[in-house]
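Geometric and topological summary
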Amino acid sequence: MPDDNRLRWMNAINIALVCAIVALAILIVIFVWVVSPMQVVGTSMYPTLHPGDRVWVQKIGFDVTYGDIVVFERDDSGRPPIKRIVAMEGDVIRFDMQAECWYRNGERLDEPYLSRTDYNPEYMVNTDAALREQLTGEGLSVGQGELFVLGDNRNDSYDSHNYGCIRVDWIKGKARC
C-alpha cells in the first residue's frame, strides 16, 4: 500500500511537471511571436502614453491605419520606437509653420489625442534641410511600402519629421494601450 501511494504521488508530480512545461512553452511562443508586453520609455507619446506605462504589442494578425500606434525597428535606434501613424503610402504630408499644424493630402489633421498644439520654434531645426524643405513646402510624398509616424508629444519626439518615412516591414507590432 505505501508503494501505491508513492507511485500515485510520483505520477501526479510527473503530470503536473509536464503540464507546467507545456504551459511555459505555450507562453514563450505567445510572447515571442504573438503578443508581448513593452514598457514605454521617454515622453514622446505623452499624454497618450506616459514613461513607465506598459502596453501590449500585437505582433501578428494586425492591419495598420491612420492613428494607430506602432512599434518598429530602425537601424540607428537602440530601443524600438513607439509612434503614431499620420500618413500612409500615397499620401502627401506637409507641416505649415505659420499655422503650426500638419496637413495630409491638403486637409488639416484632426488630432484630438494631442494635449498641446503649439510647436516649439525650433521644431524643425534638427530636421535634414532637404526633408525640412519638402515637409514645409509642397509636402513629402509617402512612398510605396512606407509610413509617416509622429509622437504625440511633438516638441519632444524624434520621429518622421526628423528622419523621414519608415518602411512598413520595419513594424514589429501594433500597440494595444
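An account of the accompanying structure is given in this report. Just so you know, these numbers come straight off a predicted model, no measurement behind them. (Residues numbered from 1 in each chain as written. Predicted model: local features only at pLDDT ≥ 70, side-chain atom pairs only at ≥ 80, totals over all residues. Heavy atoms only, no water.)

This part takes up the packing of aromatic side chains. Evaluation of the coordinates by the stated rule reveals 7 aromatic pairs. Here the aromatic rings of Phe95 and Tyr119 are separated by 4.9 Å at their centres, their planes lie at 65 degrees, and the arrangement is edge-to-face. With Phe95 in strand β5 (residues 92-96) and Tyr119 in the loop between β7 (107-108) and α2 (129-136), the pair connects residues that are 24 residues apart, well separated along the chain. A residue is classified by how much of its surface remains accessible, and Phe95, at 2% relative accessible area, is buried. We classify Tyr119 as buried; its relative accessible area is 8%. A ring pair is formed by Phe95 and Tyr123, whose centres lie 5.2 Å apart and whose planes are at 50 degrees; its orientation type is tilted. Taken together, the residues span a long stretch of sequence, with Phe95 in strand β5 and Tyr123 in the loop between β7 and α2 at a distance of 28 residues. This pair shows no difference in class: Phe95 is buried, exactly as Tyr123 is. One aromatic cluster is present, formed by Phe95, Trp102, Tyr119, Tyr123 and Phe148 through successive ring pairs. Across from the ring centre of Tyr103, 4.9 Å away, lies the NZ or CZ of Arg94, which sits over that ring. (Phe/Tyr/Trp six-rings, centres within 6.5 Å; stacked < 30°, edge-to-face > 60°. Helix = DSSP H or I, 4+ residues; strand = E, 2+ residues; numbered from the N terminus. Buried < 20%, exposed > 50% of the residue type's maximum accessible area, 1.4 Å probe, protein only. Lys NZ or Arg CZ within 6 Å of the ring centre and 35° of its normal.)

What follows covers the pairing of strand β1 (residues 35-39). Side chains Ser36 and Met38 of β1 all project onto a buried face; the interleaved residues Val35, Pro37 and Gln39 project onto a face where none is buried. Summarising the sheet, β1 and strand β2 (residues 54-58) pair through 5 bridges and their orientation is antiparallel. Bridge pairing links Val35 to Gln58 in β2. (Pairing = 2+ DSSP bridges.)

A pair can form between side chains of opposite charge whenever their charged atoms are brought close. Following the criterion strictly, the structure yields 4 salt bridges and no others. Between Asp152 and Arg84 there is a salt bridge, with the nearest N and O atoms lying 2.7 Å from each other. Remark: Arg84 occurs in strand β4 (residues 82-88) and Asp152 occurs in the loop between β9 (146-150) and α3 (160-163); sequence separation between them is 68 residues. Judged by relative accessible area, which is 3%, Asp152 ranks as buried. The residue Arg154 makes a salt bridge to Glu111 at a minimum N-O spacing of 2.5 Å. You can see Arg154 sitting in the loop between β9 and α3 and its partner Glu111 sitting in the loop between β7 and α2, a full 43 residues away along the chain. Side by side, Arg154 and Glu111 carry an identical accessibility label, which is buried. (Salt bridge = Lys/Arg side-chain N within 4 Å of Asp/Glu carboxyl O.)

Time to look at the pairing of strand β6 (residues 101-104). As paired strands, β5 and β6 are joined by 4 bridges and run antiparallel to one another. Along β6, the bridge assignment pairs Asp96 with Cys101. Remark: 4 residues form the turn of the hairpin made by β5 and β6, two consecutive strands paired antiparallel; Glu100 in that turn has positive phi of roughly 55 degrees. Inspection of the sheet shows β6 paired to β7 by 2 bridges, in the antiparallel sense. Bridge pairing in β7 links Tyr103 to Arg108. Between β6 and the antiparallel strand that follows it, β7, lie 2 residues; Asn105 among them carries a positive phi value of about 55 degrees.

A cis amide bond, omega 10 degrees, links Tyr46 with the succeeding residue Pro47. Among the structural elements, Pro47 can be located in the loop between β1 and β2. A positive phi angle, close to 55 degrees, is found at Glu100, a residue other than glycine. Relative to the assigned elements, Glu100 resides in the loop between β5 and β6. Owing to a relative accessible area of 30%, Glu100 belongs among the partly exposed residues under this scheme. Its identity as a non-glycine residue notwithstanding, Asn105 has a phi of 55 degrees, on the positive side. Within the fold, Asn105 resides in the loop between β6 and β7. Taking relative accessible area as the criterion, Asn105 reaches 44% and is therefore assigned partly exposed.

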